[in-house]
Amino acid sequence: MGDRRSMVPLRRISDALVVVVQCVFLLACHGSVSIEEIRALHARGDFASSIEPLRELLEEAPDAPEPNYLYGIALTRSGSPERAIWALRKAAADDRWARSAKVELARASLAAREWESAIRVADELLGQDPDDVDARLLRASAFIESKTRFGDALEDLDFVLSREPANLDG
């Protein structure tokens, strides 16, 4: 058995090599990340790691709704909501992704401090379903943040609480 102190630097070198090999592997495979792997990254809350692979997917298929949706979420959750808006609008154009993308678009608009955009998107959602609690909460938040239409915000919040009395967001 060797001296325990001499093994510590070897352990650190070994750990560093593992990290380097993992990074090289990720860079080498970067272009081949599947949509399933991106979904898994999002499920783990690792949105930032999905941004570049999603950009690559969108270079190949710029109008694909799911990659646009996931890209918008990744940008919003990584602190760039203003950059997410375009991708979420594209995803919202597809019927299968419309509601989910519009909810995220309203959230991104709120985070980007684009109150009128958030209100417009929430209004669109409410035009399709007047009982949509998420849309009511998003619109109320936009009214409050924009410091306009406080009465309308209260109406939306009253509606939410009448439907879901335990809703903490309401």
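Residues numbered from 1 in each chain as written. Predicted model: local features only at pLDDT ≥ 70, side-chain atom pairs only at ≥ 80, totals over all residues. Heavy atoms only, no water.

Please clarify how the pattern of salt bridges should be interpreted in this entry.
Close approach of charged atoms allows side chains of opposite charge to pair. Under the counting rule described, the total for this entry stands at 15 salt bridges. E52 serves as the salt-bridge partner of R55, at 2.8 Å between the closest nitrogen and oxygen. With R55 and E52 both in helix α3 (residues 48-60) and three residues apart, the pair spans about one turn of that helix. With a closest N to O distance of 2.8 Å, K90 and D63 form a salt bridge. You can see K90 sitting in helix α5 (residues 81-92) and its partner D63 sitting in the loop between α3 and α4 (65-77), a full 27 residues away along the chain. A relative accessible area of 23% places K90 in the partly exposed class. (Salt bridge = Lys/Arg side-chain N within 4 Å of Asp/Glu carboxyl O. Helix = DSSP H or I, 4+ residues; strand = E, 2+ residues; numbered from the N terminus. Buried < 20%, exposed > 50% of the residue type's maximum accessible area, 1.4 Å probe, protein only.)

Can you help me understand the confidence of the model for the protein chain in this one?
Segments scoring low in pLDDT should not have their predicted coordinates read at a detailed level. In this model, the protein chain carries a mean pLDDT of 86, and residues with pLDDT of at least 70 account for 82%. The least confident element of the protein chain is helix α1 (residues 4-29), whose mean pLDDT is 49; the most confident is α4, at 97. pLDDT under 50 marks residues 16-30. Its contacts with residues more than four places away, or in other chains, come to three contacts. (pLDDT = per-residue confidence, 0-100. Contact = heavy atoms within 4.5 Å.)

Looking at this structure, how should I read the packing of helix α8 (residues 133-145) against helix α9 (residues 150-163)?
Working note: a packed helix pair is described by the angle between its axes plus the distance between those axes. Packing of α8 against α9 leaves a shortest axis separation of 8 Å and a crossing angle of 155 degrees. Taken together, α8 and α9 sit at an angle that is classed as roughly antiparallel. Note on packing geometry: the crossing formed by α8 with α9 is left-handed. Only F150, D152, A153, D156, L157, F159 and V160 of α9 make contact with α8, whose side of the interface consists of V133, R136, L137, R139, A140, F143 and I144. Taken together, the residues of the contact of α8 with α9 sort by class into 10 nonpolar, no polar and four charged. (Axes fitted to C-alpha atoms, helices over the stretch in contact; angles between N-to-C directions. Parallel < 35°, antiparallel > 145°, perpendicular 65-115°, else oblique. Left-handed = near helix turned anticlockwise from the far one by under 90°. Nonpolar A, V, L, I, M, F, W, Y, C, P; charged D, E, K, R; others polar.)

Which parts of the structure should I look at to understand the packing of aromatic side chains?
Counted under the stated rule, the structure contains one aromatic pair. Ring centres of Y69 and W97 lie 5.0 Å apart, and the angle between their planes is 40 degrees; on these two criteria the pair is classed as tilted. Of this pair, Y69 sits in helix α4 while W97 sits in the loop between α5 and α6 (98-111), and the two are 28 residues apart along the sequence. Exposure remark for Y69: the relative accessible area of 13% places this residue in the buried category. Between the NZ or CZ atom of R77 and the centre of the ring of F47, over which it lies, the distance is 5.8 Å. (Phe/Tyr/Trp six-rings, centres within 6.5 Å; stacked < 30°, edge-to-face > 60°. Lys NZ or Arg CZ within 6 Å of the ring centre and 35° of its normal.)

Could you clarify how one ought to interpret unusual backbone geometry in this entry?
The backbone of K147 sits at a positive phi, close to 60 degrees, despite the residue not being glycine. Assessed through its relative accessible area of 63%, K147 is described here as exposed. Positive phi outside glycine occurs at R149, with the angle close to 55 degrees. Looking at where R149 falls in the secondary structure, it is placed in the loop between α8 and α9.

What is the right way to look at α8 in this model?
Along an α-helix, residues three or four positions apart point the same way, because every turn accommodates 3.6 residues. End to end, α8 covers 18 Å across 13 residues, agreeing with the expected 18 Å (1.5 Å per residue, within 8%). Among the residues of α8, those classed as buried are V133, A135, R136, L137, L138, R139, A140, A142 and F143. Packing partners of the buried residues in α8 comprise α6, α7 (115-128) and α9. Where α8 begins, one side-chain oxygen reaches toward the backbone nitrogen of D134, 3.1 Å away; that side chain belongs to D132. Positive phi shows up at K147, right after α8, with a value of about 60 degrees. (Expected span 1.5 Å × (residues − 1). Polar contact = N/O pair within 3.5 Å; in protein donor to acceptor, adjacent residues only side chain to side chain.)

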